[in-house]
Amino acid sequence: MKIKLFTAKKFWLSISILLFTLPNFAQLRLPKLVSDGMILQRDVKLNIWGWAKSNEAITIDFKGKTYHTVANAAGEWKIILPEQKAGGPFEMQVKSGKEKITLHDILIGDVWFASGQSNMELPMRRVAPIYENEIKTSECTFIRQFFVPQRYNFKQPENDLPNGKWISADPETVLDFSAVAYFFARNIYEKYKIPVAIINASLGGSPIQSWMSEEALKEFPSYFQEAQRFKNDDLIREIEQKDNERINGWYSDLRKHDEGFQKDLPWFVPNIDISDWLTMNIPGYWSNKYPEIQNGSVWFRKKVEIPSRLAGKPAKLILGRIVDADSVYLNGKFVGTTSYQYPPRRYEVPANLLREGENEIVVRVISNMGKGGFVPDKLYALIIDKDTIDLSGEWKMKQGAKMPPLAGQTFVRWKPVGLYNAMVAPVTNYRIKGFLWYQGEANADKPLEYRLLLPKLIENWRSEWNQGELPFLFVQLPNYGPPVSEPSESNWAVLRESQLMTLKKVPKTGMAVAIDLGEWNDIHPLRKKDVGDRLALPAQKIAYGEKNLVSSGPLYKSMEVKGNVIWIDFTEIGSGLIAKGNLPLKEFAIAGANKKFVWANAEIVGNSVKVWSDKIEKPVAVRYAWADNPANANLYNKENLPASPFRTDNW
């Protein structure tokens, strides 16, 4: 048998002929949002858009009707469908010449655009320990999320997303849903029984200016100029290269000098000599007891006794939160690592790793700046079946390597305009019901500026969607940080005030007060169902027309001075004011003309609050819950909704 060999010239000629005879690549294309499983906004005219060959005829077949248009010279086209009632599932066919795209499982319902920073991004998997039943019962094809890829673009608004798909909620997929947005959607669905969609465009740490268009930022010259600066790709590459070299070098040096890896027996193996190790009570920060322990790596170890009935079983190792990063070993075996301080430490211990009798846990902690250690008031435990073995108390510790503090990274993705161009602009053609917004922590260093930025963002988004005054619902910052013993100033309180001012000045806005839903030691509190449910209340009132609904806790209205007493009146009192827990009202402060605030007595009298102090004869101002963490704030209405923090000296 003879084999005929092609010359190179004949080979490429054959390939060229083959390519010439193949059909042209498809040119009909739809945006990623317009895809299988999408939920379209009910009761409004709908945009269906895409790209095709220039001047090509486009048809859409939907629910027994056909709609036509022609692509422009650039190949862009849009068809406006008439208003649709809630329902589905439906199919849609989009045709251009010989090309056809069929979309399946389309629902008609309400679409909410959910955005902000980490507390909006925070997925259900992070709050799973307190919402196990809600996750088990989450299956619902009528609640869907589209996760917008987390990207930036400083040069121009993008017209499509690089990827993404619509996902229905079930016990597995819901773990990747925004927790706040999911609970909001669940609340709305259960009340109105219509499909609810969440377009989740959120990114941890992002400041509000990164979500605003270039045009909107012209009113904020410093941010506008910063946006222009970051149009330079070379600048971004230079920043990222220097950051990477500096950060990688720091961690490389740390590993190279860490004594825990230099010995014949590394420090994560069991039963090494620890006679020279120090002792520390966990949780806590080592600098409080050992100021000589510096940034770098610090190793911790603890022995625990496991009874025979629990030996060999899988377990959960819960280590609260650790500042900054950690790697964890059990009986010499690696069980998990976390690279930054915010996530809760929950490590799965496989079967047969725990043995009867003595077991040893080793944690290598990396502290790159500030105080390192184990965050107080968190759970530190080994959970086996229904047994919980407490891991707090004495641990042995030793520094592996000392390092200078590591300067923070330049987060280019948070710079002004970038997230708007890549994560908002591609969505603005898609018709929606309204906006959900949970953000502000990243702007708390300039809280007065926020009272200009937030209204501008709302105006900007409403203008870009061009659907009128779409409902805009936002979360007021929760309590966070150590409680204070005396009245004091607070940037977080001022930012909450900026949010409250936006609520009162911008039409069709709603605010969920979360002053009782935070955690003093965690900027990512877990009670996201309460947040979602509280956001759903103003949604029901503003977006769904529930006029008689009490959708908010008490909001400051006015004050009147009578002698040595200041009387405070409120709106949103609902069925009446209460002091939660039947305790005296707390977190009220009062001041005279010198504006030096002292704690005050406060009492509910009818629909007003009477505030006074024997220390202030001629009061002029009152503040309530005016702190980063007003832990004892307890003014509510009878609908169990908390009053917003306020001050009378700035209205």
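Residues numbered from 1 in each chain as written. Predicted model: local features only at pLDDT ≥ 70, side-chain atom pairs only at ≥ 80, totals over all residues. Heavy atoms only, no water.

## Things to note about the packing of helix α5 (residues 179-192) against helix α11 (residues 528-542)
- Closest axis-to-axis distance for the α5/α11 pair is 7 Å, and the angle between their directions is 50°. Taken together, the axis directions place α5 and α11 in an arrangement best described as oblique. Both α5 and α11 take part in a crossing whose hand is right-handed. Contacts between α5 and α11 involve Ala179, Val180, Phe183, Phe184, Asn187, Ile188, Lys191 and Tyr192 from the first element and Lys528, Lys529, Val531, Gly532, Asp533, Leu535, Ala536, Ala539 and Gln540 from the second.
- Among the residues making up the contact of α5 with α11, the classes are represented as 10 nonpolar, 3 polar and 4 charged. (Axes fitted to C-alpha atoms, helices over the stretch in contact; angles between N-to-C directions. Helix = DSSP H or I, 4+ residues; strand = E, 2+ residues; numbered from the N terminus. Parallel < 35°, antiparallel > 145°, perpendicular 65-115°, else oblique. Left-handed = near helix turned anticlockwise from the far one by under 90°. Contact = heavy atoms within 4.5 Å. Nonpolar A, V, L, I, M, F, W, Y, C, P; charged D, E, K, R; others polar.)

## Regarding the sheet that holds strand β33 (residues 608-612)
- If you walk across this open sheet you meet the 4 strands as β27-β28-β33-β32, and the pairing is antiparallel. The strands lining the two open edges of the sheet, one partner per strand, are β27 (555-562) and β32 (601-605). Taken pair by pair, the neighbouring strands of this sheet meet at an average axis angle of 25°, ignoring direction.
- Where β32 meets β33, 5 bridges bridge the pair, whose relative direction is antiparallel. Each bridged residue has a counterpart across the sheet, and for Ile604 the counterpart in β33 is Val609. (Pairing = 2+ DSSP bridges.)

## Re the pairing of strand β2 (residues 46-51)
- Of all 6 residues that make up β2, 6 are buried, and the element is covered over most of its length.
- Residues of β2 alternate between two faces, with Leu46, Ile48 and Gly50 on one and Asn47, Trp49 and Trp51 on the opposite face, all of them buried.
- In terms of strand pairing, β2 meets strand β5 (residues 76-81) through 6 bridges, oriented antiparallel. Within the sheet, the bridge partner assigned to Trp51 lies in β5 and is Glu76. (Buried < 20%, exposed > 50% of the residue type's maximum accessible area, 1.4 Å probe, protein only.)

## Description of the layout of surface pockets
- One number sums up the size of the largest pocket: a volume of about 1,500 Å³.
- Contributing to the lining of the largest pocket are 47 residues, with Tyr340, Tyr342, Phe411, Arg413 and Trp414 lying nearest its centre.
- Elements represented by at least two residues in the lining of the largest pocket include exactly α2 (118-121), β8 (140-147), α7 (233-257), β16 (325-330), β17 (333-338) and β19 (357-367).
- When the residues that make up the lining of the largest pocket are grouped by side-chain class, the tally is 20 nonpolar, 18 polar and 9 charged.
- The volume enclosed by the second largest pocket comes to roughly 630 Å³.
- Surrounding the second largest pocket, 24 residues form its lining, Arg126, Pro129, Ile318, Pro344 and Arg346 being those nearest its centre. (1 Å grid on protein atoms, 1.4 Å probe; cavity = no way out; pocket = protein on both sides within 12 Å on 5 of 7 lines; lining within 4 Å. Points joined across faces, edges and corners; volume = space filled by probe spheres on them.)

## Quick notes on the packing of helix α9 (residues 447-465) against helix α10 (residues 491-505)
- Following both chains from N to C, one finds α9 and α10 inclined at 30°, their axes separated by 8 Å at the closest point. Considering the relative orientation of α9 and α10, their crossing is right-handed. In contact with Pro447, Leu448, Tyr450, Arg451, Leu454, Pro455 and Ile458 of α9, α10 contributes Asn491, Val494, Leu495, Glu497, Ser498, Gln499, Met501 and Thr502.

## Things to note about the nonpolar core
- Core analysis: the biggest nonpolar cluster contains 78 residues, and Trp77, Met92, Phe113, Trp211, Tyr430, Trp437 and Trp461 have the highest contact counts within it.
- At 7 residues, α9 tops the list of elements feeding residues into this core.
- Within the second largest apolar cluster, 40 residues are counted, among which are Ile143, Leu436, Ala512 and Ala514. (Core = buried A, V, L, I, M, F, W, Y, C linked by side-chain atoms within 4.5 Å.)

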